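Coordinate inspection notes
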Amino acid sequence: MLLINSHTTWDTADLARYTRGDAIAITTYSAIFNVNSHLSDAQTLVFDDAHAAEGYVAAAWALSVPTALNEYALLFDALGDAVEPAFVERMVAPPGPAADGSEVRLIPVAAVAHRAADIDHALAGLTGDASYRLRMLRPSLGSCLFYVSRQEFYIRPMIPPTFQHQPFTEPVQRVYLSATLGDAGELERAFGRSGIRTVHVPPAWERTGSGRRFFIFPELAAAGTAPLLADAAVSEDADTTVVEHAMAALVAPATDAGVVGDLMALADKRLLLTPDNDSATAIADVLCVPADERFTAKDADTGIQPFIDANRGALLAPSRYDGMDLAADACHLMLMSGLPAASHLQDRFFDTKLRAPDILQERIRTRVLQGAGRCTRGPKDWSVVVIIGEDLLRFLSRAEVRRSLPAELQAELTFGFEQSEASADEIVELARSALHQDEIWQEDAEPELARLRREATRAPQPNAAELAASARLEVKAWMHAWKLEWESAAIAAIEVLQNLTAPSTRPYRGLWAYLASAWFSLASPHDGSPLALRSAELLRQAQGAATGTTWLKEVEAASGATFGNDQADDDAVEAILDLIGGRYASSTKFMKQSSQMLADLNEQDHKRFEPGLVALGTFLGAESYKPDRKGRADAAWVWPTLWFTVEAKSEQEDGGMLSMDYVRQTNTQLASLASDRGVDAAPVASASVVVTPRTVIDPDAVPIANLHVYTAVPRLLLDVGHDTVRAWKDLRGLTQGVTREVLREEVARVLWSHRVLPTQVRERLTSDPIRVE
């Protein structure tokens with residue numbers, strides 16, 4: 001029987017039947033993982049959809065403190081000098097040009113442990129659900145990781161400490177069910193358990209389908225055409241970014257509603273699956289779905305049944321990638337928008353700051369796989385799956401991702417990519433054929449899908465075995481950390497480091513080196529002890545592994561570490577000191593040149609945009625120029641240990657794809673620059689950036705892109721330009737009567753606070769790789 005919602009609403013007779021062993025209780029994850037579980041006497045726990053458990057299990061030990069609460073500001077007070085003032089100002093400042101909603105930072109681990117009592121006091125006023133989460137964390141609050149953004153503080157252990165939660169540990173056995181379980185140890189990390197035995201499915205299962213899906217990628221049909229966006233009535237207070245994302249989805253018009261609108265009009269009932277609620281609502285608005293035809297799955301009692309029973313409507317299902325079955329004729333048409341990547345700040349930190357995609361890869365792959373199957377729950381089901389959003393399209397374009405999927409799904413995706421390059425009208429007609437399962441589909445599409453399925457071979461994700469072996473060690477380390485056994489935790493973290501040897505796991509290895517360093521520091525009785533020396537050694541290892549990122553520098557910034565701590569940053573500071581005292585000593589000249597740069601970066605015309613790029617490089621302290629030989633970049637920024645080539649495609653329209661030719665051209669630009677400068681190769685951390693409003697990449701271009709090639713929208717370059725000018729204006733007031741030695745550190749501090757040191761600019765401009773290792 002069902003035992004869900006508050007335990008006060010449970011039927012006494014049903015509860016008695018369960019207690020006597022006469023019935024099986026069906027409940028939610030949160031009924032087990034909470035501060036006062038009323039199902040703590042189970043003999044066996046069976047976890048369905050265990051692949052999706054991470055969020056539900058971790059939530060019991062995860063506390064969100066949004067900016068709307070006073071406790072958000074109180075936490076900064078409690079952390080004191082553990083966070084530098086410039087960062088705090090950015091986090092609490094009102095919305096404006098300098099505010100970056102995507103910024104996320106990890107608070108120093110040792111600082112949190114030392115200030116645990118002050119932090120507890122700052123959070124003491126929390127009420128409701130947040131107070132229950134705090135009760136779960138309070139015994140080991142000092143061991144938690146603290147992430148912060150302009151939206152919230154997010155507090156949790158990296159791996160949930162389920163080993164101390166009796167409703168989970170007391171049962172005789174725990175059984176985990178999943179049809180899409182990954183190979184990289186995600187189950188162990190999600191449940192905080194090691195040594196979970198796996199019963200593998202029969203080999204034939206890999207080639208067995210669960211219905212038929214026709215994947216459509218409308219953005220591919222838009223190549224070479226200007227998009228015609230559907231008109232939609234959007235409220236003035238709607239989230240602009242979300243609305244723009246939804247509007248941009250209606251591409252490659254077949255009618256003036258857009259091809260997505262035409263596709264979604266092919267059936268009376270549609271599923272809209274998105275990563276968040278705002279995106280689902282915005283897309284429904286763009287598609288003009290009437291209010292009385294919008295359904296959600298929020299009601300715990302009725303769930304999705306009202307939608308199933310309805311004759312027409314759209315089911316808005318943000319983040320519902322599993323646990324929602326629309327079998328048979330319940331729904332044959334769905335739209336998936338956006339990549340389900342970061343569900344909380346820890347994920348976002350791993351993705352955008354740590355740059356460790358491997359650790360999230362299995363989770364994302366599983367969400368996409370599960371989401372695509374919401375309307376095909378049995379072998380006779382079928383559906384049309386419309387894919388929009390450049391991040392999701394690029395993810396599915398990656399060869400290593402496709403190879404890791406079941407053979408049936410590989411075939412369906414390959415077929416979908418091939419067919420989506422047809423005209424918009426042809427795509428709509430083929431979708432109609434797939435929905436009706438008519439003679440054209442059966443005679444033309446099905447044989448081709450069968451051929452593709454026979455040719456497909458599934459291969460695990462690279463490094464999956466290594467990450468799976470690491471999971472057991474990670475669980476052990478966090479068990480010790482949760483019990484405040486710092487030295488044991490650090491020793492276990494070193495075991496994790498020793499296991500992570502593949503080059504692509506370097507960023508993750510850097511995080512574990514930092515954790516080991518912090519835990520040894522907390523275990524050390526004084527600065528000169530052997531543990532303190534070991535801590536310092538591990539911090540150096542972490543710094544080496546964190547090359548090309550700024551997260552560790554940000555962690556160290558408030559601890560008295562040098563702001564630059566990188567040769568490229570040091571070189572930029574020296575160059576800017578020379579410019580301030582020489583070429584731009586005149587305020588009038590600086591104002592004229594910087595204003596011209598910002599005006600040029602705000603232009604689409606490449607004849608204006610390219611000089612703006614060159615000027616920006618100069619203000620960033622680089623040797624900046626436009627190479628003059630054939631096939632070269634539009635701007636080169638050169639510091640001795642870090643180079644950038646920047647290719648300007650600012651004149652392109654928003655619609656369509658970035659072509660394979662542009663990717664090939666950009667692939668060679670660093671090598672060309674090295675040849676021009678008479679050296680063998682560019683410095684290791686160098687990057688090539690294509691500046692284009694087009695966020696969709698030709699799927700055939702993704703596998704051939706070099707790992708140093710990235711895309712950036714023109715607005716991002718303009719933002720960096722504004723931040724650079726603001727930094728220079730601050731610097732100009734510091735130069736009078738100050739020695740160069742003193743000024744050097746102050747210049748580094750100002751550039752750091754505005755996020756325009758070369759290593760920071762690199763991180764900002766390389767957030768969107770075309771191909772991931």
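Source: prediction; values computed, not measured. (Residues numbered from 1 in each chain as written. Predicted model: local features only at pLDDT ≥ 70, side-chain atom pairs only at ≥ 80, totals over all residues. Heavy atoms only, no water.)

Below, the discussion takes up the nonpolar core. Within the largest apolar cluster, 91 residues are counted, with the highest numbers of intra-cluster contacts made by Met336, Tyr508, Trp512, Tyr514, Leu515, Trp519 and Trp551. Other than its neighbours up to four places away in sequence, tryptophan 512 contacts Met158, Glu474, Ala477, Trp478, Ala493, Val496, Leu497, Leu500 and Trp519. Leu39, Leu45, Tyr72 and Leu79 belong to the second-largest nonpolar core, a separate cluster that totals 55 residues. (Core = buried A, V, L, I, M, F, W, Y, C linked by side-chain atoms within 4.5 Å. Buried < 20%, exposed > 50% of the residue type's maximum accessible area, 1.4 Å probe, protein only. Contact = heavy atoms within 4.5 Å.)

As a packed pair, helix α23 (residues 464-482) and helix α24 (residues 486-499) sit with axes 7 Å apart at the nearest point and diverge in direction by 170°. For the element pair α23 / α24, the angle class is roughly antiparallel. Touching Glu466, Ala469, Ser470, Leu473, Glu474, Lys476, Ala477, His480 and Ala481 of α23 are Trp486, Ser488, Ala489, Ala492, Ala493, Glu495, Val496 and Asn499, all from α24. Here the residues of the contact of α23 with α24 sort into nine nonpolar, four polar and four charged. (Axes fitted to C-alpha atoms, helices over the stretch in contact; angles between N-to-C directions. Helix = DSSP H or I, 4+ residues; strand = E, 2+ residues; numbered from the N terminus. Parallel < 35°, antiparallel > 145°, perpendicular 65-115°, else oblique. Nonpolar A, V, L, I, M, F, W, Y, C, P; charged D, E, K, R; others polar.)

Here we take up unusual backbone geometry. The phi angle at aspartate 49 is positive, at roughly 50°, despite the residue not being glycine. Residue position: aspartate 49 is located in the loop between β1 (44-47) and α3 (54-59). Assessed through its relative accessible area of 23%, aspartate 49 is described here as partly exposed.

Turning our attention to the side chain of glutamate 84. Mapped onto the elements of the fold, glutamate 84 is located in the loop between α4 (70-79) and α5 (85-92). A distance of 2.8 Å separates the side chain of glutamate 84 from the side chain of arginine 105, its partner in a polar contact. (Polar contact = N/O pair within 3.5 Å; in protein donor to acceptor, adjacent residues only side chain to side chain.)

We now examine the packing of aromatic side chains. Summed over all chains, the structure comprises 36 aromatic pairs. The interplanar angle of 15° and the centroid separation of 5.5 Å between the aromatic rings of phenylalanine 47 and tyrosine 176 together place this pair among those described as stacked. Note that phenylalanine 47 is positioned in strand β1 and tyrosine 176 in strand β6 (residues 173-176), a separation of 129 residues in sequence. Pair check on accessibility: phenylalanine 47 and tyrosine 176 agree, each one buried. An aromatic cluster of at least three residues, connected via ring pairs, comprises Tyr147, Tyr154, Phe349, Phe350, Trp478, Tyr508, Trp512, Tyr514, Trp519 and Trp551. Residue placement shows arginine 174 over the ring face of phenylalanine 168; its charged tip is 5.2 Å from the ring centre. (Phe/Tyr/Trp six-rings, centres within 6.5 Å; stacked < 30°, edge-to-face > 60°. Lys NZ or Arg CZ within 6 Å of the ring centre and 35° of its normal.)

What follows covers the pattern of salt bridges. Across all of its chains, the model carries 53 salt bridges by this definition. For the salt bridge of glutamate 84 with arginine 105, the shortest nitrogen-to-oxygen distance reads 2.8 Å. Here glutamate 84, found in the loop between α4 and α5, pairs with arginine 105, found in strand β3 (residues 104-106); they are 21 residues apart in sequence, far enough to count as distant. On the accessibility criterion, glutamate 84 (7% relative accessible area) is buried. For arginine 105, a relative accessible area of 3% corresponds to the buried category. A salt bridge links glutamate 412 to arginine 212; the nearest nitrogen and oxygen atoms lie 2.8 Å apart. Taken together, the residues glutamate 412 in helix α20 (residues 407-419) and arginine 212 in strand β7 (residues 212-216) connect sequence positions 200 residues apart. Classification of glutamate 412 as buried rests on a relative accessible area of 1%. Arginine 212 sits in the buried class, given a relative accessible area of 10%. Here the residues in one salt-bridge network are Glu54, Arg156, Glu186, Arg189, Asp347, Arg363, Arg367 and Glu474, joined through shared partners. (Salt bridge = Lys/Arg side-chain N within 4 Å of Asp/Glu carboxyl O.)

All right, on to the side chain of glutamate 763 then. Inspection of the secondary structure puts glutamate 763 in helix α35 (residues 758-765). Residue glutamate 763 is classed as buried on the basis of its relative accessible area of 9%. Ignoring anything within four residues of it in the chain, the contact list for glutamate 763 reads Lys353, Arg355, Thr549, Thr550, Trp551 and Glu554.

Turning our attention to a nonpolar patch on the surface. Together, Leu2, Ile24 and Ile26 give the surface a local cluster of nonpolar side chains, amounting to about 350 Å² of exposed area. Its location among the elements puts leucine 2 in the segment before α1 (12-20). (Patch = residues over 30% accessible without salt bridge, like charges linked within 9 Å, V, L, I, M, F, W, Y side chains within 5 Å. Areas by Shrake-Rupley, 256 points an atom, 1.4 Å probe, with all protein chains shown as cover.)

Take the sheet that holds strand β5 (residues 152-156) next. Strand order in this open sheet of four strands is β2-β5-β4-β3, and the pairing throughout is antiparallel. A strand with exactly one partner marks an edge of an open sheet, and here the two such strands are β2 (63-66) and β3. The sheet shows a mean angle of 15° between the axes of neighbouring strands, taken without regard to direction. Pairing of β3 with strand β4 (residues 145-149), which is carried by three bridges, proceeds in the antiparallel orientation. Looking at β4, one finds that valine 104 is bridged to serine 149. (Pairing = 2+ DSSP bridges.)

In this structure the tally under the stated criterion is zero disulfides. Just so you know, cysteine 375 is unpaired, no disulfide at all, and the nearest cysteine sulfur is the one on cysteine 331, 4.0 Å from it. (Disulfide = S-S within 2.5 Å.)

We now examine the sheet that holds strand β10 (residues 313-318). The strand order across the open sheet built from six strands is β7-β12-β11-β8-β10-β9, with neighbouring strands paired in parallel fashion. What marks the edges here is a single partner per strand, and that holds for β7 and β9 (294-296). For this sheet the average axis-to-axis angle between neighbouring strands, irrespective of direction, equals 25°. Judged from the three bridges that link them, strand β8 (residues 269-274) and strand β11 (residues 333-337) form a sheet pairing that is parallel. Residue pairing in the sheet places leucine 273 in a bridge with methionine 336 of β11.

Inspection of the entire model under this criterion finds five cavities of 30 Å³ or more. Considered as a void within the structure, the largest cavity measures approximately 110 Å³ in volume. Around the largest cavity, the lining is made up of 14 residues, and of these Met158, Ile159, Arg189, Gln346 and Arg363 lie nearest the centre. If you list the elements that add at least two residues to the lining of the largest cavity, you get α10 (186-191), α16 (345-353) and α17 (357-372). Considering every element that reaches the lining of the largest cavity, the biggest residue donor is α16, with three residues. In this model, the second largest cavity occupies a volume close to 90 Å³. (1 Å grid on protein atoms, 1.4 Å probe; cavity = no way out; pocket = protein on both sides within 12 Å on 5 of 7 lines; lining within 4 Å. Points joined across faces, edges and corners; volume = space filled by probe spheres on them.)

To continue, consider the confidence of the model for the protein. The predicted model of the protein has a mean per-residue pLDDT of 89, with 92% of residues at 70 or higher. Counting interchain partners and residues more than four positions distant, the pLDDT-below-50 stretch residues 223-256 has 64 contacts. (pLDDT = per-residue confidence, 0-100.)

An α-helical turn contains 3.6 residues, so a residue and the one three or four places further along point in the same direction. The end-to-end C-alpha distance of helix α26 (residues 530-545), which contains 16 residues, comes to 23 Å, matching closely the 22 Å that a straight helix rising 1.5 Å per residue would cover. Listed in full, the buried residues belonging to α26 are Leu531, Ala532, Ser535, Leu538, Ala542 and Ala545. Buried positions in α26, seen along its axis, are confined to an arc of 130° and lie on one side of it. Among the exposed residues of α26, those pointing more than 90 degrees away from its buried face are Pro530, Leu533 and Arg540. The secondary structure elements touched by the buried residues of α26 are α24, α25 (506-523) and α27 (551-557). (Expected span 1.5 Å × (residues − 1). Arc of directions from axis to C-beta.)

This part takes up the packing of helix α30 (residues 606-619) against helix α33 (residues 714-732). At their nearest, the axes of α30 and α33 sit 10 Å apart, and the two run at 40° to each other. Classified by the interaxial angle, the pair formed by α30 and α33 is oblique. Here the hand of the crossing between α30 and α33 comes out left-handed. Residues Phe609, Leu613, Leu616 and Phe619 of α30 pack against Pro714, Leu717, Val720, Gly721, Thr724 and Trp728 of α33. When grouped by side-chain class, the residues that make up the contact of α30 with α33 number eight nonpolar, two polar and no charged. (Left-handed = near helix turned anticlockwise from the far one by under 90°.)

This part takes up the pairing of β7. Burial of β7 is extensive: five of the five residues sit out of reach of the surface. Of the two faces of β7, the one holding Arg212, Phe214 and Ile216 and the one holding Arg213 and Phe215 are both buried throughout. Note that β7 and strand β12 (residues 382-388) share five bridges and pair parallel. What sits directly across from phenylalanine 214, in β12, is valine 384.

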